[in-house]
Amino acid sequence: MASKKQAGPGAGPQKPSGVAYLIGRLDHVLNKRMRDALAPIGLTVPHYTALSVFRSLGSISNAQLAERTMVSPQSANEMVKALEAKGWIGRAPDPSHGRIIQISLTEAGEEVLRRCDGEVAAIERLMFHDMGEEEQALLYRQLRAAVRSLSLHGI
């Protein structure tokens, strides 16, 4: 059994450290800020992510949406129903495969996404207020590389 490292006299409790811990904390705080900013518009963070994926990739299937939004296929299906009920997405049969339904952003979805983009951009400005553009670009590349390294499919 390994012994715990004893702190010296007057030393406070050890704080968790490491990049993985900090990324987890950042994820938690960022999600809270985004929830607070998107709620008045009527979106959740997963809804915003889904709409952003539709804008980025165009028409995709439910399975692709689940993979890109990091939720289960069942959760993606529920999300699609909610977004369709609000008129933000539309569904149509895939012309090359009748059993696959392609989902895409509607004009109303584009509009709500533009409103949300402003809120998210404000959060990012706050998060990186003391970083220059070059530092932000470097961080972006490093984070993408880290995701690619840990991912089976990349992003």
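First, a word on scope: everything that follows refers to the structure included in this document. (Residues numbered from 1 in each chain as written. Predicted model: local features only at pLDDT ≥ 70, side-chain atom pairs only at ≥ 80, totals over all residues. Heavy atoms only, no water.)

Some words on the overall build of the protein
Consideration 1: Across its full length, the protein carries six helices and two strands.
Consideration 2: Counting from the amino terminus, helix and strand elements in the protein follow one another as α-α-α-α-β-β-α-α.
Consideration 3: The 155 residues of the protein split such that 23% are buried.
Consideration 4: Relative to all contacts within the protein whose residues are 6 or more apart in sequence, the contacts with residues 24 or more apart total 48%.
Consideration 5: Carbon and sulfur atoms form 56% of the exposed surface of the protein, whose accessible area is close to 11200 Å². (Helix = DSSP H or I, 4+ residues; strand = E, 2+ residues; numbered from the N terminus. Buried < 20%, exposed > 50% of the residue type's maximum accessible area, 1.4 Å probe, protein only. Contact = heavy atoms within 4.5 Å. Areas by Shrake-Rupley, 256 points an atom, 1.4 Å probe, with all protein chains shown as cover.)

Overview of helix 4 (residues 73–85)
Owing to its 3.6 residues per turn, the α-helix aligns residues three or four sequence positions apart on the same side.
Consideration 1: Over its 13 residues, helix 4 extends 18 Å from the first C-alpha to the last, a length consistent with the 18 Å expected when each residue adds 1.5 Å.
Consideration 2: Of the positions making up helix 4, those classed as buried are Ala 76, Met 79, Val 80 and Leu 83. The buried residues of helix 4 occupy one face: seen down the axis, they fall within an arc of 105°. Of the exposed residues in helix 4, the ones pointing more than 90 degrees away from its buried face are Gln 74 and Ala 85.
Consideration 3: Just downstream of helix 4 lies Gly 87, where phi reads positive at about 80°. (Expected span 1.5 Å × (residues − 1). Arc of directions from axis to C-beta.)

A look at the nonpolar core
Consideration 1: Counting residues in hydrophobic clusters, the biggest one holds 27 residues, and the most contacted among them are Leu 38, Leu 43, Tyr 48, Leu 51, Phe 54 and Ile 89.
Consideration 2: Going through the elements one at a time, helix 1 (19–38), helix 2 (45–57), helix 3 (62–69), helix 4, strand 2 (97–105) and helix 5 (107–127) are the ones with two or more residues in this core.
Consideration 3: Excluding anything up to four places from it in sequence, Leu 38 contacts Leu 43, Thr 44, Val 45, Tyr 48, Cys 116 and Val 120. (Core = buried A, V, L, I, M, F, W, Y, C linked by side-chain atoms within 4.5 Å.)

A short note on the side chain of Ser 61
Consideration 1: Note on placement: Ser 61 falls in the loop between helix 2 and helix 3.
Consideration 2: Not counting the four nearest positions on each side in its chain, Ser 61 is found in contact with Ile 100, Ile 101, Gln 102 and Ile 103.

Comments concerning the packing of helix 1 against helix 5
Consideration 1: Across the interface, helix 1 lies against helix 5 with an axial gap of 10 Å and an inter-helix angle of 140°. The pairing of helix 1 with helix 5 is recorded here as oblique in orientation. By crossing handedness, the relation of helix 1 to helix 5 is classed as right-handed. Where helix 1 approaches helix 5, its residues Leu 26, Leu 30, Arg 33, Met 34, Ala 37 and Leu 38 are matched on the opposing element by Cys 116, Glu 119, Val 120, Ile 123, Leu 126 and Met 127.
Consideration 2: Among the residues making up the contact of helix 1 with helix 5, the classes are represented as 10 nonpolar, no polar and two charged. (Axes fitted to C-alpha atoms, helices over the stretch in contact; angles between N-to-C directions. Parallel < 35°, antiparallel > 145°, perpendicular 65-115°, else oblique. Left-handed = near helix turned anticlockwise from the far one by under 90°. Nonpolar A, V, L, I, M, F, W, Y, C, P; charged D, E, K, R; others polar.)

Thoughts on a negative patch on the surface
Consideration 1: On the surface, a cluster of negative charge is contributed by Asp 130, Glu 133, Glu 134 and Glu 135.
Consideration 2: Relative to the assigned elements, Glu 133 resides in helix 6 (residues 133–150). (Patch = residues over 30% accessible without salt bridge, like charges linked within 9 Å, V, L, I, M, F, W, Y side chains within 5 Å. Salt bridge = Lys/Arg side-chain N within 4 Å of Asp/Glu carboxyl O. Lys, Arg positive; Asp, Glu negative; His and termini not counted. Charge placed at Lys NZ, Arg CZ, Asp CG, Glu CD.)

What about the pattern of salt bridges?
Consideration 1: Within the structure shown, the criterion is met by six salt bridges.
Consideration 2: Between Arg 91 and Glu 84 there is a salt bridge, with the nearest N and O atoms lying 2.8 Å from each other.
Consideration 3: The partly exposed category is assigned to Arg 91, whose relative accessible area is 39%.
Consideration 4: Under the relative-accessibility criterion, Glu 84 is labelled partly exposed at 31%.
Consideration 5: Its salt-bridge partner being Arg 114, residue Glu 111 comes within 3.0 Å of it at the nearest N-O pair. One end of the pair is Glu 111 and the other is Arg 114, both in helix 5 and three residues apart, which spans about a single turn.

Comments concerning helix 1
Consideration 1: The end-to-end C-alpha distance of helix 1, which contains 20 residues, comes to 28 Å, matching closely the 28 Å that a straight helix rising 1.5 Å per residue would cover.
Consideration 2: All of the buried residues along helix 1 are Met 34, Ala 37 and Leu 38. Along the axis of helix 1, the buried residues cluster in a sector spanning 75°; they form a single face.
Consideration 3: Along its buried surface, helix 1 packs onto helix 2 and helix 5.

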